[in-house]
Amino acid sequence: MRLRKIPGIEERLKAEYPHLVVAEPQAYAGIWREYFGTEAPLFLEIGMGRGRFIDGLRKKAPQTNFIAVEMRNEVIFDAAKKIGDDCKNVAFISGHAASLRDWFAEKEVDRIYLNFSDPWPKRAHRKRRLTHENFLKLYREILKEEGELFFRTDVAAFFEFTLTEMTNHGFALTEVSLDYHHSAYFDGISTEYEEKKSKEGSIYYGRFLLRK
Ligand SMILES: C[S@@+](CC[C@H](N)C(=O)[O-])C[C@H]1O[C@@H](n2cnc3c(N)ncnc32)[C@H](O)[C@@H]1O
């Protein structure tokens, strides 16, 4: 993803979007429902990009709380503009997914969404893939019992890797499609990346349930 640099982006995010960008997410580990002020389910998107998915989902599910983790502030800035000021059920965390356990207590999250995560095609980089077993360990810890993970990609090899990692490390596959946009599972919300990629070929989709 091409990024334009925005001078003073960190300060601007804090100053302009304090209601969306959580300054100290570690302070809310275990008490996100207090942060939002409701007992609603908590859905987490990792690698949000420019926010179209979370914006679409929060409109479909206004009774749910959403947190999106993204490591690039420039992208968060675009997402914050999209969500706007009048939104009580969305929060952004600026940071790397490796820190998930600092921000969430055990069994705090109902669902995780991974949409078009970087595939890191070289074998030497496989530990960076967000479905590598090291990340799955973190997801297993923060997901509640019977929590779920939803995954989409346009890269067949990354999908195969994900299916193997997930089913070998504590998750059961409950839904799968090799052509998500033409399947009954498609939820009608496309991410920025997906809109482009779905015109070029198939989108792969998997839904996974945390095994007991
Ligand atoms: C290919 S883009 C997809 C963005 C968006 N989900 C979409 O579908 O349009 C991957 C995004 O994940 C973010 N990302 C990659 N690795 C991450 C990590 N370890 N922690 C947090 N964000 C990450 C990148 O900054 C980028 O915005």
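Residues numbered from 1 in each chain as written. Predicted model: local features only at pLDDT ≥ 70, side-chain atom pairs only at ≥ 80, totals over all residues.

Asker: Which parts of the structure should I look at to understand the overall build of the chain?
Answerer: Each helix and strand in the chain was counted, giving eight helices and seven strands. In terms of overall size, the chain behaves like a compact globule, its C-alpha atoms giving a radius of gyration of 16 Å where 212 residues would be expected to give roughly 17 Å. In terms of principal-axis extent, the alpha carbons of the chain reach across some 40 × 40 × 35 Å. Across the 212 residues that make up the chain, the buried fraction comes to 37%. Counted over contacts in the chain with a minimum sequence separation of 6, partners at least 24 positions apart contribute 76%. (Helix = DSSP H or I, 4+ residues; strand = E, 2+ residues; numbered from the N terminus. Rg over C-alpha atoms; globule rule 2.2 N^0.38 Å. Buried ≥ 20, exposed ≤ 12 C-beta atoms within 10 Å, placed from the backbone. Contact = placed C-beta atoms within 7 Å.)

Asker: Is there a simple way to explain the sheet that holds strand S1 (residues 42-46) in this structure?
Answerer: Neighbouring strands of a sheet are bound in pairs by backbone hydrogen bonds; such pairs are parallel or else antiparallel. The strand order S3-S2-S1-S4-S5-S7-S6 describes an open sheet built from seven strands, whose pairing is mixed. Only two strands of the sheet have a single partner each, and these edge strands are strand S3 (90-94) and strand S6 (171-177). Put simply, the sheet's adjacent strands are angled 20 degrees from each other on average, direction ignored. As paired elements, strand S4 (residues 109-115) and strand S5 (residues 143-153) share six bridges and run parallel to each other. For Ile 112, the partnering residue across the bridge sits in S5 and is Leu 149. Those strands touched by helix H6 (residues 133-142) are S4, S5 and strand S7 (204-210), and its axis lies near 140 degrees from that of S5. Of the strands in this sheet, S5, S6 and S7 are in contact with helix H7 (residues 156-168), which crosses S7 at around 10 degrees. (Pairing = 2+ DSSP bridges. Axes fitted to C-alpha atoms, helices over the stretch in contact; angles between N-to-C directions.)

Asker: I keep staring at the nonpolar core and nothing clicks. Help me out?
Answerer: Considering soluble globular proteins, one finds that nonpolar side chains tend to be buried as a cluster. In terms of nonpolar packing, the biggest core is built from 52 residues, with Leu 44, Ile 67, Val 69, Ile 76, Ala 80, Phe 92 and Ile 112 touching the most fellow members. Among the elements that take part in this core, helix H4 (residues 73-83) stands out by supplying six residues, more than any other. With residues up to four places along the chain from it excluded, the contact list for Val 69 reads Leu 44, Ile 46, Met 48, Ile 93, Gly 95 and Ala 97. (Core = buried A, V, L, I, M, F, W, Y, C linked by C-beta atoms within 7 Å.)

Asker: Can you help me understand the site of the ligand in this one?
Answerer: The environment of the ligand is formed by 20 residues, the closest being Gly 47, Gly 49, Phe 116, Thr 191 and Tyr 193. At the level of elements, strand S2 (65-70) and helix H8 (192-197) are the ones that each hand at least two residues to the shell around the ligand. Top contributing element to the shell around the ligand by residue count: H8, with three residues. Tallied by class, residues from the shell around the ligand come to nine nonpolar, six polar and five charged. (Near = placed C-beta within 6 Å. Nonpolar A, V, L, I, M, F, W, Y, C, P; charged D, E, K, R; others polar.)

Asker: Is there a simple way to think about the packing of helix H1 (residues 9-16) against H4 in this case?
Answerer: Packed helices, taken two at a time, are described by the angle between their axes plus the distance between the axes. Two elements in contact, H1 and H4, have axes whose closest approach is 9 Å; the angle formed by their N-to-C orientations is 25 degrees. Regarding the angle of H1 to H4, the classification is roughly parallel. For the crossing formed where H1 meets H4, the hand is left-handed. Within the contact between the two elements, H1 uses Ile 9, Glu 10, Arg 12 and Leu 13 and H4 uses Asn 73, Glu 74, Ile 76, Phe 77 and Ala 80. Along the lines of polarity and charge, the residues of the contact of H1 with H4 split into five nonpolar, one polar and three charged. (Parallel < 35°, antiparallel > 145°, perpendicular 65-115°, else oblique. Left-handed = near helix turned anticlockwise from the far one by under 90°.)

Asker: Help me out: how do you make sense of the pairing of S3 in this one?
Answerer: Along a regular strand, successive side chains alternate from one face of the sheet to the other. The element S3 is extensively covered by neighbouring structure, given that five of its five residues are classed as buried. Of the two faces of S3, the one lined by Val 90, Phe 92 and Ser 94 and the one lined by Ala 91 and Ile 93 are each fully buried. Judged from the five bridges that link them, S2 and S3 form a sheet pairing that is parallel. Residue pairing in the sheet places Val 69 in a bridge with Ile 93 of S3. For the crossover that starts at S2, traverses H4 and ends in the parallel S3, the hand is right-handed. (Right-handed = clockwise from strand over helix to strand, strands pointing away.)

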